[in-house]
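Residue-level structural notes
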Amino acid sequence: MYLHIGQNVVVSESSVIGIFDLDNTTSSHITKRFLSQAEKAGNLISVSDELPKSFVLCSENGENCVYLSQLSSQTLLKRTEMSSWL
């Protein structure tokens, strides 16, 4: 199955490690550092020019990739079969 994360971007659900709300997670210096390092490594991809509301951490071919999405984490979660994790 695939997860549509915004605009015309889809990722394989099997590659998704987590879906995170930016408002809640970026208050932590650890998350800010993680996102900064992902950006420096070229692994941070913004799927829209709009203000991001969430980020999706994926592992593809042994490498982590972070997608910034304008969709809320709740919307993305509803689009997956992961809602059973709640």
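As a reminder, the structure under discussion sits directly above these lines.
To keep things clear, this report deals only with the structure shown in the data block. Not measured: the values here are computed from a predicted model. (Residues numbered from 1 in each chain as written. Predicted model: local features only at pLDDT ≥ 70, side-chain atom pairs only at ≥ 80, totals over all residues. Heavy atoms only, no water.)

The secondary structure content of the chain amounts to three helices and six strands. Reading the helices (α) and strands (β) of the chain from amino to carboxyl end gives β-β-β-α-α-β-β-β-α. Here the chain has a C-alpha radius of gyration of 12 Å; the compact-globule value for 86 residues is 12 Å, and the two agree. Residue pairs at least 24 apart in sequence account for 49% of intrachain contacts in the chain once pairs closer than 6 positions are excluded. Carbon and sulfur atoms form 49% of the exposed surface of the chain, whose accessible area is close to 5,500 Å². For the chain, the separation between the mean place of its 6 positive charges and that of its 9 negative charges on side chains is 8 Å. (Helix = DSSP H or I, 4+ residues; strand = E, 2+ residues; numbered from the N terminus. Rg over C-alpha atoms; globule rule 2.2 N^0.38 Å. Contact = heavy atoms within 4.5 Å. Areas by Shrake-Rupley, 256 points an atom, 1.4 Å probe, with all protein chains shown as cover. Lys, Arg positive; Asp, Glu negative; His and termini not counted. Charge placed at Lys NZ, Arg CZ, Asp CG, Glu CD.)

For the rest of this paragraph, the subject is unusual backbone geometry. Excluding glycine, residues mostly have negative phi values, and the peptide bonds linking residues are mostly trans. Positive phi outside glycine occurs at Gln 7, with the angle close to 50°. Within the secondary structure, Gln 7 sits in the loop between strand E1 (2–6) and strand E2 (9–12). Residue class for Gln 7 comes out partly exposed when judged on its relative accessible area of 42%. Not every positive phi belongs to a glycine, and Asn 61 is a case in point at roughly 55°. Looking at where Asn 61 falls in the secondary structure, it is placed in the loop between strand E5 (54–60) and strand E6 (63–69). (Buried < 20%, exposed > 50% of the residue type's maximum accessible area, 1.4 Å probe, protein only.)

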